Amino acid sequence: MNRLACFLLLVLLTACDYFEKQKVNSEDLLMEELQTFNWNDVDTYPTFNSCETMTTKEDSRVCFQNTLLQHVNDYLGRQNIVVSEDVNDTIRLKLIIDTTGLLQIEDITMKPETRFLIPEIDSLLRQSLNGVPKIFPAIKRGQQVTTAFELPVIVKID
């Protein structure tokens, strides 16, 4: 009986460590969360009022890009662009939408021939985005975030 009591006492003394709570450092927890966080993906893409009825994330992205592209194409179609040679190019607009929904052009990439044949194309593209309807910014974990994306604009003038 004495041995059993000593054994139980020994188990109780060593088992006390198992009931002790470990303190979790909030900075360590934050660093672990940041390492697993996917910074390149958002919960919802930027959107227009007309795209709010889309049910899937992918449909919402496609609606947003198509609406924006349609707006640019309509504006360019109303312009009287005269060229001396045929133009067939895909212009890439690198766009940024900030947390307030403000749309800005970061960069415009095109062939040098297109820039030579249509010298005012930069200003036309910038003006085409001035009349865009109100944009609701992307959301990541309940917060509005700045997003960047590329919009291809096909220019074909015969």
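Residues numbered from 1 in each chain as written. Predicted model: local features only at pLDDT ≥ 70, side-chain atom pairs only at ≥ 80, totals over all residues. Heavy atoms only, no water.

Caption draft 1: Quick look at the packing of aromatic side chains. In the structure shown here, the tally under the stated rule is 2 aromatic pairs. Measuring from centroid to centroid gives 4.9 Å for phenylalanine 48 and phenylalanine 64, while their planes differ by 20°, and the two rings are stacked. Here phenylalanine 48 is found in the loop between α2 (26–36) and α3 (57–78), whereas its partner phenylalanine 64 is found in helix α3, with 16 residues between them in sequence. A single burial state applies to phenylalanine 48 and to phenylalanine 64, both of which are buried. A network of ring pairs unites the aromatic residues Phe48, Phe64 and Phe149 as a single cluster. (Phe/Tyr/Trp six-rings, centres within 6.5 Å; stacked < 30°, edge-to-face > 60°. Helix = DSSP H or I, 4+ residues; strand = E, 2+ residues; numbered from the N terminus. Buried < 20%, exposed > 50% of the residue type's maximum accessible area, 1.4 Å probe, protein only.)

Caption draft 2: Spatial organisation of the state of the cysteines. Tallied over the entire structure, the rule returns 1 disulfide. Cysteine 51 shares a disulfide with cysteine 63; S-S distance 2.0 Å. As the torsion about the S-S bond is roughly -80°, the cysteine 51-cysteine 63 disulfide counts as left-handed. Placement of the pair is cysteine 51 in the loop between α2 and α3 and cysteine 63 in helix α3, with a sequence separation of 12 residues. For the pair cysteine 51 and cysteine 63, one class covers both residues: buried. (Disulfide = S-S within 2.5 Å.)

Caption draft 3: The pairing of strand β2 (residues 103–109), seen in detail. Summarising the sheet, strand β1 (residues 87–97) and β2 pair through 6 bridges and their orientation is antiparallel. Residue pairing across strands places isoleucine 97 opposite leucine 103, the latter belonging to β2. In textbook terms, the turn of a hairpin is the stretch between consecutive antiparallel strands, and for β1 and β2 this stretch comprises 5 residues, one of which, glycine 101, has a positive phi near 90°. (Pairing = 2+ DSSP bridges.)

Caption draft 4: Structural detail: the packing of α3 against helix α5 (residues 121–128). At their nearest, the axes of α3 and α5 sit 9 Å apart, and the two run at 125° to each other. Overall, the two elements α3 and α5 adopt an arrangement that is oblique. The two elements α3 and α5 cross, and the hand of that crossing is right-handed. Contact with α3, carried on its side by His71, Val72, Tyr75 and Leu76, involves Leu124, Leu125, Gln127 and Ser128 of α5 and no other residues of that element. Its residues assigned to classes, the contact of α3 with α5 comprises 5 nonpolar, 3 polar and no charged. (Axes fitted to C-alpha atoms, helices over the stretch in contact; angles between N-to-C directions. Parallel < 35°, antiparallel > 145°, perpendicular 65-115°, else oblique. Left-handed = near helix turned anticlockwise from the far one by under 90°. Contact = heavy atoms within 4.5 Å. Nonpolar A, V, L, I, M, F, W, Y, C, P; charged D, E, K, R; others polar.)

Caption draft 5: Up close: a negative patch on the surface. Residues Glu85, Asp86, Glu113 and Asp158 make up a contiguous surface patch of negative charge. If you trace the backbone, glutamate 85 turns up in the loop between α3 and β1. (Patch = residues over 30% accessible without salt bridge, like charges linked within 9 Å, V, L, I, M, F, W, Y side chains within 5 Å. Areas by Shrake-Rupley, 256 points an atom, 1.4 Å probe, with all protein chains shown as cover. Salt bridge = Lys/Arg side-chain N within 4 Å of Asp/Glu carboxyl O. Lys, Arg positive; Asp, Glu negative; His and termini not counted. Charge placed at Lys NZ, Arg CZ, Asp CG, Glu CD.)

Caption draft 6: The pattern of salt bridges, seen in detail. Following the criterion strictly, the structure yields 3 salt bridges and no others. In this structure, glutamate 58 and arginine 61 form a salt bridge, with 2.1 Å as the shortest nitrogen-oxygen distance. Within this pair, glutamate 58 and its partner arginine 61 are both found in helix α3, separated by 3 residues, close to a single helical turn. Judged by relative accessible area, which is 40%, glutamate 58 ranks as partly exposed. Two residues, glutamate 150 and arginine 92, come together in a salt bridge whose shortest N-O distance is 3.5 Å. Pair noted here: glutamate 150 is in strand β5 (residues 147–157) and arginine 92 is in strand β1, with a separation of 58 residues, a long-range link.

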